[in-house]
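Coordinates in review
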Amino acid sequence: MKRLGLTLVAALCLVATTFAAGNQPTTTKWEGNINVNKLGQYLNLNSMQSEEVSNICEYFTEQMGRAASAKKNKEAKLHNAIYGNLKLMKRTLTNEQYSKYAALLNITLKNKGIELNK
């Protein structure tokens, strides 16, 4: 009975540690895989918008990579990458498309464990 109790406690601690470690905010989880085709379908982009969004996503991936590998000012670089992306998208998309994109980006960042404090 004692062994069973200790085994359960050990399993519970292992699960709790794994869960807690997986929810730490970090930019190293960003893989930069943005499916531009699916994004274009979701936002119903025209051909000009599609090309521009593709370029913006490529730039955003590059900036997030720099933020993830930065040793100094990691939080500031993350902030600049995300808000720079939103600024560029706002110029390219209609108001309806932009609101859908902003909601999608917010959910994606939260799922990746990335939160901005500013």
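Residues numbered from 1 in each chain as written. Predicted model: local features only at pLDDT ≥ 70, side-chain atom pairs only at ≥ 80, totals over all residues. Heavy atoms only, no water.

This paragraph deals with the nonpolar core. With 21 residues, the main nonpolar core has Val53, Met64, Ile82, Met89, Leu93, Tyr101 and Leu105 as its most contacted residues. Of all elements in the fold, only helix H2 (36–43), helix H3 (47–69), helix H4 (74–92) and helix H5 (95–112) reach the threshold of two or more residues within this core. At six residues, the largest contribution of residues to this core is made by H3. Not counting residues up to four positions away in its chain, the partners in contact with Tyr101 are Leu39, Leu43, Asn85, Leu86, Met89 and Leu93. (Core = buried A, V, L, I, M, F, W, Y, C linked by side-chain atoms within 4.5 Å. Buried < 20%, exposed > 50% of the residue type's maximum accessible area, 1.4 Å probe, protein only. Helix = DSSP H or I, 4+ residues; strand = E, 2+ residues; numbered from the N terminus. Contact = heavy atoms within 4.5 Å.)

Here the focus is the environment of Glu51. When you line up the elements, Glu51 lands in helix H3. Residue Glu51 is classed as exposed on the basis of its relative accessible area of 56%. Taking the C-alpha atoms as reference points, Glu51 and Gly40, separated by eleven residues in sequence, lie 9.6 Å from one another.

By the burial criterion, the buried members of H2 are Val36, Leu39, Gly40 and Leu43. Buried residues of H2, viewed axially, fall in a sector of 100°; they line one side. Facing away from the buried side of H2 by over 90 degrees, the exposed positions are Asn37, Lys38 and Gln41. At the N-terminal end of H2, a side-chain oxygen is found 3.2 Å from the backbone nitrogen of Asn37, two or three residues along, and the residue is Asn35. The positive-phi residue at the C-terminal boundary of H2 is Asn44, with phi of around 55°. (Arc of directions from axis to C-beta. Polar contact = N/O pair within 3.5 Å; in protein donor to acceptor, adjacent residues only side chain to side chain.)

Quick look at the side chain of Gln97 now. Looking at where Gln97 falls in the secondary structure, it is placed in helix H5. Reaching out from Gln97, the side chain makes a polar contact with the backbone oxygen of Leu43 at a distance of 2.9 Å. In this structure, Gln97 is in contact with Leu43, Asn44, Leu45 and Gln49, ignoring residues within four places of it in sequence.

An ideal rise of 1.5 Å per residue puts 33 Å on 23 residues; H3 measures up with 34 Å between its terminal C-alpha atoms. Gln49, Val53, Ile56, Cys57, Phe60, Gln63, Met64, Ala67 and Ala68 are the residues of H3 that are buried. At its buried positions, H3 is contacted by H2, H4 and H5. Where H3 starts, the residue carrying a side-chain oxygen 3.1 Å from the main-chain nitrogen of Met48 turns out to be Asn46. (Expected span 1.5 Å × (residues − 1).)

Now for the confidence of the model for the protein. Low-confidence regions, as indicated by low pLDDT, have predicted coordinates that should not be scrutinised in detail. Mean pLDDT over the protein stands at 79; residues scoring 70 or higher make up 70%. Of all helices and strands in the protein, the one with the weakest mean pLDDT is helix H1 (residues 2–22) (53), whereas H4 scores best (92). Contacts of residues 21–28 to residues separated by more than four positions or lying in other chains number 15 contacts, the stretch itself having pLDDT below 50. (pLDDT = per-residue confidence, 0-100.)

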